[in-house]
Amino acid sequence: MYVKICGLRDAAHGALAASLGADAVGVVMSEGSPRNARPEEALAVIAAARAAASTHATGIDTVLVVSRTPAREAAELARDLGFDVLQLHGRYSHTDIAAAQRVIPRVWRAASLAHFPELRAGEFGEERLLVDGAVPGSGETWDLSQLDPQRLGASWVLAGGLAPENVAAAIRAAHPGGVDVSSGVESAPGLKDPELIRQFIAAARQSQVTNA
Ligand SMILES: O=C(O)c1ccccc1NCC(=O)[C@H](O)[C@H](O)COP(=O)(O)O
């Protein structure tokens, strides 16, 4: 189970997530988000996560998350700050993904079934599809019975309203290849809680063992 902890702005939280075995850390750079990170915060999270993951065989993916920035501009920002991956979140098109990939090869698409009912993994040529609730970063749960596993394929990532106490049930219900969390590991909007990060990663990992 691929585990991404999103919305980090503090290097210590990047290091913690990586040391606990997270597969990816996300940094949101989106005006209006309570998690909107400055470039220097992004650089610090990237460096801390990579240092803490340096002994892992698989390393860690550092992900820049944007929602309204034009795709090419976002890709240049991701490349210049040294992220591994750009996550284009929301109403981006096939053309946007292709434009971003000309700048940074690893581009993920994140979208909601509320806006794209026919969502299909890989349809825009993205490396990974993240299927989210209607409002990114809101912490709102959504009806997972809308998901069609046949359509989505194997490596998609589930997001939206996940938390330590519900992630195992969500994995059992939806069979994603990965899970992503932001609000569910916070004590207040934008304020990550180290204990909740630990609990979330443990619950996702435990679920993987249980399902094996
Ligand atoms: O987290 C945000 O504030 C955000 C703002 C704008 C675009 C994307 C954003 N987050 C993207 C993520 O990948 C979140 O982790 C995902 O939406 C799940 O959020 P949550 O329901 O809070 O766990």
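Remember, it's a predicted structure, so these values are computed and weren't measured experimentally. (Residues numbered from 1 in each chain as written. Predicted model: local features only at pLDDT ≥ 70, side-chain atom pairs only at ≥ 80, totals over all residues. Heavy atoms only, no water.)

*Asks:* I'd like to hear about the packing of aromatic side chains, residue by residue, with values.
*Replies:* Evaluation of the coordinates by the stated rule reveals one aromatic pair. Between the aromatic rings of Y2 and W108, the centroid separation amounts to 6.1 Å while the plane-to-plane angle is 70°, which identifies the pairing as edge-to-face. With Y2 in strand 1 (residues 2-5) and W108 in strand 5 (residues 107-112), this pair connects stretches of sequence that are 106 residues apart. Both residues of the pair, Y2 and W108, belong to the buried class. Above the face of the F124 ring, R109 is positioned so that its terminal group lies 3.7 Å from the ring centre. Positioned above the aromatic ring of Y2, the side-chain terminus of R128 is 3.9 Å from the ring centre. (Phe/Tyr/Trp six-rings, centres within 6.5 Å; stacked < 30°, edge-to-face > 60°. Helix = DSSP H or I, 4+ residues; strand = E, 2+ residues; numbered from the N terminus. Buried < 20%, exposed > 50% of the residue type's maximum accessible area, 1.4 Å probe, protein only. Lys NZ or Arg CZ within 6 Å of the ring centre and 35° of its normal.)

*Asks:* Report on the sheet that holds strand 6 (residues 128-132), specifying residues and quantitative values.
*Replies:* Backbone-to-backbone hydrogen bonds join strands into a sheet, with any given pair of strands oriented parallel or antiparallel. Judged by pairing direction, the barrel is parallel, and its eight strands sit side by side in the order 1-2-3-4-5-6-7-8 before closing back on the first. Here strand 2 (residues 24-28) runs beside strand 3 (residues 61-66); their pairing, made up of five bridges, is parallel. Paired with V27 across the strands is L64, a residue of strand 3. Each of strand 2 and strand 3 touches helix 2 (residues 39-52); the most contacted strand, strand 2, lies at about 175° to it. (Pairing = 2+ DSSP bridges. Contact = heavy atoms within 4.5 Å. Axes fitted to C-alpha atoms, helices over the stretch in contact; angles between N-to-C directions.)

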